[in-house]
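Chain and residue survey
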Amino acid sequence: MIILDCRPFLAVGVSLFASVLISCSRRHPDVREAWSIIASFIKFGIILSMLPAVLEGNVYEWTLCQMTDTVFLTLRTDPAGMVFSVLASLLWVLINFYSIGYMRCNHEHEQTGYFAAFAICMSAVIGIAMASNLLTFFIFYELLTMASWPLVLHERNHEALVASRKYLAYTLVSGQLFLAGVIAIYCISGTIDFKSGGFLTADMGPHWLLQGIFVLMICAGSVKAAVIPLHGWLPAAMIAPTPVSALLHAVAVVKTGVFSVLRIIGFVFGPQLLSELRIIDFVAWAAAATIIMSSLIALRQDELKKRLAFSTVGQLSYIVLGAALLSPLSIKGAYLHLVAHAVMKITLFMCAGLIIVRTHIHNVSEMHGIAKHIPVTMACFTIASLGIAGTPFLVGFVSKWHLALGAVQSGRPLFVVIWVASALLAAGYLMPVVRMAYFRKDPEEHTRKFGEFSYCMLIPIVATTVIAIILGVVPDIYPHFADLADMASEAICHGWTEGGWH
């Protein structure tokens, strides 16, 4: 049942309004930060208030305006969008507290602009998650690009300028490719409204045209998803402050990239049409190649943030690969990994930020014995690293288990080998950090100076680590990410019995 309600609009609008209040509070840091925190709690509360009805099979919908006779700017809360909405709004609450501690301890400049841009980014993310059609999706997709650009440029130095220009070049081109695909789809179908299982059919045009549109839109999403060779902007963007890196990797930009791929595959083309076009295997193999290549590159990175960046490139391709396998379990695993990766990667980046603030160390090779001085942080880093590697009883294992079962269900067990190899490589590039921190003596132990840190930084790290453990032991605990993922997968795959599964 469709419930007409303004809450989807309020969920998007609350942080946009907060960005104005933040900008007006430049001379009052405590007030500025209070607006950000209040907005994050309100946004999370609004989204959670819609969750029970969505779990019962209902959909909230609100139309902001009518753009043409057939195109509306509409927000709606289907299960797939709710997975992303609940996740992003929850993590924004935590990253807000972390950002306050980081910005103050690191004495960062332009803090008002940072918090205002962060708030706009979160409005864009929720807009993307709740978009009911391709045009609404595109509008918020581009808003996210423009709002996140100042965050990459935050340091205002030459390196940040180069990185921000590179970021804009990649993401703006991505947006224009996406828009071209939207126009082409509207021309051949007369609609751009998302539909579970897809709304395009084989009789809407020749196969070569449908294949071309699919490649265009997948490439657009793959830029923000950082699929190799379209990933160049992501390592460069690591010049930004660590909370921004956490935003880019766990909540916002790259997640919207993989979410757009999930929407295109599951809600525009659908399993039936993609099986007829015989093009989806190319996406699967491109994702598999990205998983292995990025993991090998991560092994060679000495700077911790860049090592984590290349880890993100590979982990996001898990989601793309899961969607490309077109089986119910693999698609469910893709949505679960959207959650799992966000929780684990935001933990790792927040740990990296505290390490940098506390020890002034950026490179893995210099992290001798730091666990002695930041024991809780390194314990959380270790747990999140084990989760990325797919260790049982952590959230990463749950998503990867479903992805592996989905590969078998789709008749492609070879991809299980890819995931196993990737898990071993993940241990290979993250466990050396743990070894250096715990088992190597610091040659400068008596002369090293340590910076201040805030419990506003440490508490969110502990919180996300606890979430990673709880979701690994009880995957379907409230807010029921597993149920939402199952509902999204079932709706996408309902009625399709090709490809070796039933």
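Scroll up a little and you will see the structure.
This is a predicted model, so every value here is computed, not measured.

Once that is clear, we can look at the pairing of strand S2 (residues 59-66). Bridge analysis of strand S1 (residues 2-4) against S2 gives three bridges, and the strand direction is parallel. Paired with Ile3 across the two strands is Tyr60, which belongs to S2. Where S2 lies against strand S3 (residues 72-76), five bridges are found, and the strand directions are antiparallel. Note that in S3 the partner of Trp62 across the bridge is Leu75. Hairpin connection, S2 to S3: the antiparallel pair is bridged by five residues.

In space, the three strands of this open sheet follow the order S1-S2-S3, with mixed pairing throughout. Here the strands that pair on one side only, and so sit at the sheet edges, are S1 and S3. In this sheet, neighbouring strand axes are inclined to one another by 35° on average, regardless of whether the strands run parallel or antiparallel. Each of S2 and S3 touches helix H1 (residues 7-23); the most contacted strand, S2, lies at about 70° to it.

Right, let's get into the packing of aromatic side chains. Inspection of the entire model under this criterion finds 15 aromatic pairs. Residues Trp285 and Phe415 carry aromatic rings whose centres are separated by 4.7 Å and whose planes lie at 45° to one another, so their mutual orientation is tilted. Of this pair, Trp285 sits in helix H11 (residues 280-299) while Phe415 is found in helix H16 (residues 414-439), placing the two residues 130 residues apart along the sequence. Residue classification places Phe415 among the buried residues on the basis of a relative accessible area of 3%. Measuring from centroid to centroid gives 6.2 Å for Tyr318 and Trp419, while their planes differ by 50°, and the two rings are tilted. With Tyr318 in helix H12 (residues 304-324) and Trp419 in helix H16, this residue pair connects regions lying 101 residues apart in the sequence. Residue Trp419 is classed as buried on the basis of its relative accessible area, which comes to 5%. In this structure an aromatic cluster arises from ring pairing among Phe84, Phe137, Tyr141, Phe178, Phe194 and Phe259. Lying across the ring of Tyr141, Lys224 places its NZ or CZ 3.7 Å from the centre. When the ring centre of Phe267 is taken as reference, the NZ or CZ atom of Arg263 above it lies at 4.6 Å.

With that settled, consider the nonpolar core. In this structure, Leu134, Phe214, Phe269 and Tyr335 are the most contacted members of the largest nonpolar core, which totals 179 residues. With 19 residues, helix H13 (residues 328-359) is the single largest residue contributor to this core. In this view, Phe214 contacts Ile264, Ile265, Phe269, Leu274, Ile279, Ile280 and Val283; residues no more than four positions away in its chain are not counted.

Cut-offs and rules
- Residues numbered from 1 in each chain as written.
- Predicted model: local features only at pLDDT ≥ 70, side-chain atom pairs only at ≥ 80, totals over all residues.
- Heavy atoms only, no water.
- Pairing = 2+ DSSP bridges.
- Helix = DSSP H or I, 4+ residues; strand = E, 2+ residues; numbered from the N terminus.
- Axes fitted to C-alpha atoms, helices over the stretch in contact; angles between N-to-C directions.
- Contact = heavy atoms within 4.5 Å.
- Phe/Tyr/Trp six-rings, centres within 6.5 Å; stacked < 30°, edge-to-face > 60°.
- Buried < 20%, exposed > 50% of the residue type's maximum accessible area, 1.4 Å probe, protein only.
- Lys NZ or Arg CZ within 6 Å of the ring centre and 35° of its normal.
- Core = buried A, V, L, I, M, F, W, Y, C linked by side-chain atoms within 4.5 Å.

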